[in-house]
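Remarks on the overall topology
For reference, the chains in residue letters:
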Amino acid sequence: MLEIGERPWGKYYVLADEPNYKLKRIEVNPGQKLSYQYHHKRQEQWTIIEGDATIVLDDKEIKLSYGESIFIPLGAKHRIMNLSEKPVVFIEVQTGTYFGEDDIVRLDDEYDRQ
């Protein structure tokens, strides 16, 4: 594991961090959600590997289950929510020009992060 990040909503594991992509395994605890956000320098592909997720992509809600994927274009507003009583786990593949955590522009955050 290259990095493990603890967050109020769950945790993430960085599986690969290369010049042209970053790969994460992300766990969202029951009843939690990530911030509604967008990125200037990366796009993302999410694949659900456990649980049932609700995605908000540019203000539209989309339900995803095991094996289903969604593409998050560069600059698109997005968040994942776990509205269930079981964990949601997904794989995130980031592609673009920069993958730092400081490329997160938060529009809404349950935990008052900027």
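Residues numbered from 1 in each chain as written. Predicted model: local features only at pLDDT ≥ 70, side-chain atom pairs only at ≥ 80, totals over all residues. Heavy atoms only, no water.

In the nomenclature of an unreviewed UniProt entry, the protein is known as Mannose-6-phosphate isomerase of Chryseobacterium piscium.

Description of unusual backbone geometry
You will see that Asp59, though not glycine, has its phi angle at about 75°, which is positive. Mapped onto the secondary structure, Asp59 falls in the loop between strand E6 (53–57) and strand E7 (60–64). (Helix = DSSP H or I, 4+ residues; strand = E, 2+ residues; numbered from the N terminus.)

Notes on the nonpolar core
Judged by nonpolar contacts, the single largest core of 18 residues is most densely connected at Val28, Trp46, Ile55, Ile70, Ile80 and Phe90. Contributing elements (two or more residues each) for this core: strand E2 (10–18), strand E3 (21–28), strand E5 (42–50), E6, strand E8 (69–72) and strand E10 (88–96). With three residues, E6 is the single largest residue contributor to this core. Residues within four places of Trp46 in sequence aside, it is in contact with Ile55, Glu68, Ser69, Ile70, Ile72, His78, Arg79, Ile80, Phe90, Ile91 and Glu92. (Core = buried A, V, L, I, M, F, W, Y, C linked by side-chain atoms within 4.5 Å. Buried < 20%, exposed > 50% of the residue type's maximum accessible area, 1.4 Å probe, protein only. Contact = heavy atoms within 4.5 Å.)

Brief notes about the sheet that holds E10
On the basis of which strands lie adjacent, the open sheet formed by six strands has the order E1-E2-E3-E10-E5-E8 and antiparallel pairing. Edge positions in the sheet fall to strand E1 (3–7) and E8, since each of these pairs with one other strand and no more. Taking the axes of each pair of neighbouring strands and ignoring which way they run, one obtains an average angle of 20° across the sheet. Where E3 meets E10, eight bridges bridge the pair, whose relative direction is antiparallel. Residue pairing in the sheet places Leu23 in a bridge with Val93 of E10. (Pairing = 2+ DSSP bridges. Axes fitted to C-alpha atoms, helices over the stretch in contact; angles between N-to-C directions.)

Here's the deal with the environment of Trp9
Secondary-structure assignment places Trp9 in the loop between E1 and E2. The buried category is assigned to Trp9, whose relative accessible area is 6%. When the C-alpha atoms of Trp9 and Asn29 are compared, they prove to be 5.9 Å apart, with 20 residues separating the residues in sequence. When residues no more than four places from it in sequence are discounted, the contact partners of Trp9 are Ile26, Glu27, Val28, Asn29, Gln32, Lys33, Leu34, Tyr111 and Arg113.

Observations concerning the UniProt feature "domain: Mannose-6-phosphate isomerase type II C-terminal" (unreviewed entry) in the protein
UniProt records the feature "domain: Mannose-6-phosphate isomerase type II C-terminal" (unreviewed entry) at residues 7–109, using the numbering of this structure. End C-alpha to end C-alpha, residues 7–109 measures 12 Å, and it is 0% helix and 59% strand. (UniProt positions renumbered as here; feature names shortened; annotations may be inferred.)

Observations concerning the pattern of salt bridges
Taken as a whole, this structure holds 10 salt bridges when the rule is applied. Where Lys33 meets Glu110, a salt bridge forms, and the shortest distance between an N and an O atom there is 3.8 Å. Of this pair, Lys33 sits in the loop between E3 and strand E4 (36–38) while Glu110 sits in the segment after strand E11 (105–108), placing them 77 residues apart in sequence. Overall, Glu110 belongs to the partly exposed group, its relative accessible area being 43%. Between Arg42 and Glu44 there is a salt bridge whose closest N-O contact spans 3.0 Å. (Salt bridge = Lys/Arg side-chain N within 4 Å of Asp/Glu carboxyl O.)

Quick word on the pairing of strand E9 (residues 78–81)
The alternating pattern of E9 places His78 and Ile80 on one face and Arg79 and Met81 on the opposite face, and all of these are buried. Bridge analysis of E6 against E9 gives four bridges, and the strand direction is antiparallel. When the bridges of E9 are listed, Ile55 appears paired with Ile80.

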